[in-house]
Structure formats: structure tokens, C-alpha cells
Amino acid sequence: MTVPMPPAFDDDILATEEVSQARLVWRRFRRHRLGLLGITVIGVIALACILAPWIAPYTFDKPDTSNIMGTPSASHWLGTDELGRDVLSRLLYAGRISLLVSLVATMLSIVIGVLVGSIAAYFGGALDTLLMRFTDIMLSLPSLPLLLIFSKTLRDFGPLRRALGDNTSVVIIITVLTIFGWMNVARLVYGSVLSLKAREFTEASRALGASSFRIIFTHLVPNSAAPIIVAMTLGIGSRIIAEASLSFLGLGIVPPNPSWGSMLSGVQAYMFRNPWLAFYPGLTILIVVLAINFAGDALRDALDPRLKN
Amino acid sequence: MRAFLLRRLLQNAILLLFISVIVYGILYLVPGGPFDQLNFGATSATAAAAQVKRLNELLGLDRPLYERYWNWLTKALVGDWGMSWTVAFGQPVGRLIESRLGNTLLLMGLSAVFSLAIALPIGIISAVRPYSIWDYLITAFSFFGLSMPTFWFGVMMLIIFSVVLGWLPAGGAITPGKADDIVDRIRHLIMPVVVLSLVQVAGQSRFIRSSMLEVLKQDYIRTARAKGVPWARVVLTHGLRNAILPVITLLGLEIPQLFGGAIITETIFTWPGMGRLFFEGISRNDWPVVQAITMLSAILVVGGNLLADLAYAVVDPRIRYE
């Protein structure tokens, strides 16, 4: 007589699938169609700009004197500008500068913001008052007038120009966007670290003899990553617009480097003859920033479902 | 309340002093002075250098920086902003600003009213019917508004409505000879006000939506409904009165953004306001003009924040400043 064996205990019934945090985030992100569309668009445009020297039909500064302000045609898909330069090629090259400037300025802002916010929150006391009052002051300044003043005076500063050559305007705009761009991140990190430092794992870490430096940078800051990443994503978009505005006013990127904003500076003089010249660079900015904002919105929901409004 | 007001006024005065030092320092620390780039049509480099030297002496720019700053500060405190250098040579900056201030305040004020008049209803609709077709449309609109480069939107408006269609004037505040024509004034105002409002509407409507959503979840809303108060009245009186509170602070915080927008908008539409004067000053190294307008905008900003805080206390009796 055979006793029926009890069915083998099936591990799969009780065990939940082991999922990493990154996978969870990606799963939630995937549900946002607009977010997916956003990163696809950003990816394609960024790739095209990076590959500009190899895929652009012309170089950004090659004039075609027989074809000035040409309308879109087979040889110039988006037409040519007031000097006969190919608009599509210039858009691709300009994207390198615009994306580089906004990316670097955002990174630097994050670094400063994280340092200021976490140090103020962790150590508290006089250091807290000093750093966060300064942050408040910076936040309450009229930023555009000051951005313009900084850009203008730094540009007229001879030694800087001699040291940096053609890249002067790129370095200047990254600098001014960083000076006036770190405060929001500082506040974000400040709030987050303030609540995290009262939690048990911080206490445990301190009891184990970890240094303040270690606690801040291996426990407190990484645990504040979600809002920082979201701020960074959305920050890139707002910096693309800021760079474009400054360049449009003639105080950002200057020739020979084109940026999406500098392609629009002085365009009012040509808008009667060829309105399309003003259309493409602005449309590119709108599409890229829209894509970034969609991606940032999806990222916010994916990283921290509690933040959903 | 009085102690609070005094403390805030003192804080603001220190803040303004701090800003003035920073701006003055940045403007004048550039070695060689603001006239370095000019050559006054001089035939030789030495002649140009002599001209620059003479001009610097005339304007007192050969004095030490702290002495010049002190001079500037003591005069500015009694309303003397100095003389313009290049934009309107020799004219007092105060008079220049006076002639432009009204236009800028008109533009900023109308934009603030206009954007709130649009953002309020669409924010409320989004919140009352969340995830409806209207909510999605309004969300899409605000995403577009927030992603739009203001200056490009302005240039596009200009091309469509002035160049192609010819419906609206391309720039300025009035048509010469038509100073009293109110219709003409309004036609000049339409595009600058719309452009300056777009970003505000996008931001404000999102803000009002989330504020209203929060309020509509409260118990007193359910109580009002249970008593049989009509839904529209619940939303518009019980809901709105509470949801509007944070918006007041938002308005105060948006003044810097509004002034920044005014610089760009006025430049595009050649609107004779302070923003354009500031831009001309920057482009032509007219530091007294730049310094004065920066200080005025800073005063506007800190004053706006203070007013917002005070207004908050007036409309919300729960708030008491100690």
C-alpha cells in the first residue's frame, strides 16, 4: 500500500518574486505612456546632437552664399539662415551646447545644494542658521536681472576671456546658472535630512562609531535621492529655457558656438523675410523641455508613489 | 503684530543693503572700468586711453571702491540715483525710471490680474472634476505653458498677429498722435500681457488645483454637503475661501519671476518700461541705470513678500504673527 506522498511544498506559492528597487521604479515608470514617450524623445534628440559631427549634412558655420534664407528644400531640409548656413545642421550642433550647458549647470547646482542642505540640517545650530538664511536670501533675489549683470560683467572681464577663448561664454553661463540655481535643491535636501537624522538607522550608525561625514554621505544623502533625482530632471528643462533666454538677449552663448537660444537672438530682424528661422529653434526647445517635464513627472511617481498628487 | 512688522522691516533693510553691495561690487569690480570697450571715435589707442581716463575722473571712477559705494548709497537713500552714462547721457536716472515705471507696473499688474482670472476657474474645474477630460486638457495646457520659452512664444505671437495677419501693432505702448485713444492702448497691451501671463497661468492653475483638491477632502466640506448646501456654493464659498490662502503667498513669491518676464517681454515688444530700460542699460554699460533698476526690483520683491505675509494674516484669522 502506498501512502500518497503529500505534495512537495511549493516554494513559489509563498515566496514573492524578489525585485530590486530599480526594477520596481522601472515598472512604475513604464505605466506612464507620456513619460516613456518623453525619455524616447530626449534619447533620440540627445543622440542626434552628440553625433552631429558625423550625421549633420553640413557644418554649423559653413555659409552657402548662393542660398541665403533659403526655404526648406532637398539639400537643406529646414532651409538656410541669414548667412546661408544650414538650419538643421546648426540645430544639431546647437543642441550639443544647450544640452551640455544645462546638464553641467544642473549637476553643479545639485552638488552645491546637497552639500549646503545636508550640512546645515545635520549639524544644525549656528551653521544651520547661517547656511539656510543665506539660501533664503539667494531665493528672494530678483534672479534674471542679476543673471544678466553677472553674464555681462564676467564677459567684459579680460583675463577670463584670454584664458578661455571661444569657450568663455559657455563657462560663464554654466557659472551664473549654478550660482543662482542651487537653492531649491538645498531646501529639499535640508528638509529630507532633517527628518532622516532623527531616525533609528542614523542613531545605529552613530552608535557603531561612524563619522559625521560617513553618516551624511552614505546614509542621509542616498536616502534623499528620490526628490533630488526628480529635481535634477526638471532642473535640466528649466535650465535649457534659462540658457535660451539669456542667449536670446545676447548675453548667453555667443558666436562661433551656436545654441538653441543664440540661434534666435537677432531673429526679429529677419522675421519679415523668413519667419521659419524663428520657428525651428524654439520648437526644438519646446519639444525637448516638454519631453523632460513628462519624464520628470513620471519619474516622480515611479520613485516615490507617496508624492503623487 | 507691530513687533513682527518691525523685525521684518529691519530684516528687509539689511537684505536690500546686502543686495546693493553685491550688485555694486559686481558692476564696478571689472578692472579697467566700464568704458574700457569704447574708443569714442579716437584715432589712436593713447587718445582713447586719455579719453577714458578723463571720463573716469569726471564720473569719480578713479576714487576707491568703498568711497564710491558710500557716495552712491548716501545719495540713493534720499532718492538720488545719479546720472545716466550712455542710455540718456547726463539725465538723472530717477527721472528716466519715473517715465518708465508706470508702463511696467501697468504691464505687471494687468498680467497678474489676467493670469489669476484664467488660472482660478481652470484650477477649480480641474480640482472639482479630477481625471476628467477637462482636467487632462488643462494639465496638458499647463505642461505646454511651463515648457514654453517665453521669448519664443512672444516672437511667434509677433510673427502671427503683426507680421502675417497684421491685426496687432508690433511694438511700443501707443501709436504716435493717438495718445488718448483707449482702443489703441489696449491693442498695444494685448500681446505683451498675454505673453507675460502664459507661464503664470500654467504654474498657478496647477497650484490652485492641488490646493483645492486638498481642501475638498476636508470634513467641513462633507458637513456642508450633508446640510444640503448646493455643490456649487460649497465649492465657491467653503472650498475656494480656504483654497485661495496659499495662492496669496504664491503671488508674492512670483513677483521676481514677473519682473524677469517683464525684461524679456518688454524687449521683444519694445514696450517703453523699466525692463527694457534695464536691458538697454546692461547692453550699453550704463551702470547707474542698471544699479537703480536692480535695487527697485529688489524692493519690489521684498515688499511683495511682506505684503503677501500681511495679506495672509488679514484673510486668515488663524494666522497671528508674534
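Structural notes, computed from the coordinates.

Each value, and the rule that gives it
- Residues numbered from 1 in each chain as written.
- Chains lettered and ligands numbered in written order.
- Predicted model: local features only at pLDDT ≥ 70, side-chain atom pairs only at ≥ 80, totals over all residues.
- Heavy atoms only, no water.
- Phe/Tyr/Trp six-rings, centres within 6.5 Å; stacked < 30°, edge-to-face > 60°.
- Helix = DSSP H or I, 4+ residues; strand = E, 2+ residues; numbered from the N terminus.
- Buried < 20%, exposed > 50% of the residue type's maximum accessible area, 1.4 Å probe, protein only.
- Lys NZ or Arg CZ within 6 Å of the ring centre and 35° of its normal.
- 1 Å grid on protein atoms, 1.4 Å probe; cavity = no way out; pocket = protein on both sides within 12 Å on 5 of 7 lines; lining within 4 Å.
- Points joined across faces, edges and corners; volume = space filled by probe spheres on them.
- Nonpolar A, V, L, I, M, F, W, Y, C, P; charged D, E, K, R; others polar.
- Expected span 1.5 Å × (residues − 1).
- Contact = heavy atoms within 4.5 Å.
- Buried area = accessible area lost by both parts, 1.4 Å probe.
- Salt bridge = Lys/Arg side-chain N within 4 Å of Asp/Glu carboxyl O.
- Polar contact = N/O pair within 3.5 Å; in protein donor to acceptor, adjacent residues only side chain to side chain.
- Patch = residues over 30% accessible without salt bridge, like charges linked within 9 Å, V, L, I, M, F, W, Y side chains within 5 Å.
- Areas by Shrake-Rupley, 256 points an atom, 1.4 Å probe, with all protein chains shown as cover.

**A closer look at the packing of aromatic side chains**
Summed over all chains, the structure comprises 16 aromatic pairs over all chains. Look at F294 of chain A and F143 of chain B: their rings are 4.9 Å apart centre to centre, the planes differ by 35 degrees, and that puts the pair in the tilted class. One end of the pair, F294 of chain A, is in helix α14 (residues 276-303); the other, F143 of chain B, is in helix α5 (residues 133-147), on a second chain. Of the residues examined, F294 of chain A reaches a relative accessible area of 17% and is grouped as buried. Taken together, the ring pairs in this structure connect Y24, Y28, Y69, W72 and W81 of chain B into an aromatic cluster. Its guanidinium or amino end placed over the ring of Y131 of chain B, R209 of chain B lies 5.8 Å from that ring's centre, counting from NZ or CZ.

**Remarks on empty space enclosed by the protein**
A full pass over the atoms with the stated rule returns two cavities of 30 Å³ or more. Taken as a whole, the largest cavity encloses approximately 50 Å³ of empty space. If you trace the largest cavity, you find it lined by L168, P169, A170, G171, G172, R187, H188, M191, P192, F269 and W271 of chain B. Taken together, the residues that form the lining of the largest cavity break down as seven nonpolar, three polar and one charged. Approximately 30 Å³ is the volume attributed to the second largest cavity. If you go around the second largest cavity, the residues you meet are S151, R155, S169, I172, I173, L251 and G252 of chain A.

**So, α5 of chain B**
A rise of 1.5 Å per residue sets the reference length of α5 of chain B, with its 15 residues, at 21 Å; its end C-alpha atoms lie 21 Å apart and thus fit the reference within 8%. When α5 of chain B is considered as a whole, its buried residues turn out to be D135, I138, T139, S142, F143, G145 and S147 of chain B. Buried residues in α5 of chain B make contact with α13 (225-248) and α14 of chain A together with α4 (93-128) and α7 (182-216) of chain B.

**Topic: the interface of chain A and chain B**
Counting from both sides, the interface comprises 40 residues of chain A and, opposite them, 42 residues of chain B. In total, about 3,800 Å² of surface goes out of reach between chain A and chain B, with carbon and sulfur atoms giving 82% of it. Among the residues of chain A in contact with chain B, I149, L249 and L286 of chain A are the three that bury the most area, contributing 14% of the side total. On inspection of chain A and its partner chain B, the count reaches zero salt bridges. In this assembly, chain A and chain B are joined by four residue pairs in polar contact (both at pLDDT 80 or more). If you list the elements that add at least two residues to the side of chain A that touches chain B, you get α6 (125-139), α7 (143-155), α13 and α14 of chain A. Per-element accounting of the side of chain A that touches chain B gives the leading share, 11 residues, to α14 of chain A. Across the side of chain A that touches chain B, the residue classes break down as 29 nonpolar, seven polar and four charged.

**Overview of a nonpolar patch on the surface**
Together, L47, I50, L51, W54 and I55 of chain A line one region of the surface with nonpolar side chains, adding up to about 560 Å² of accessible area. Elements that contribute at least two residues to the nonpolar patch include exactly α3 (33-50) and α4 (52-55) of chain A.

**Comments concerning the side chain of K152 of chain A**
By secondary structure assignment, the location of K152 of chain A is in helix α7. Its relative accessible area of 12% is what places K152 of chain A among the buried residues. A distance of 3.4 Å separates a polar side-chain atom of K152 of chain A from the backbone oxygen of S283 of chain B. Side-chain polar atoms of K152 of chain A contact the side chain of N285 of chain B, separated by 3.5 Å. Excluding anything up to four places from it in sequence, K152 of chain A contacts L251 of chain A together with I282, S283, N285 and W287 of chain B.

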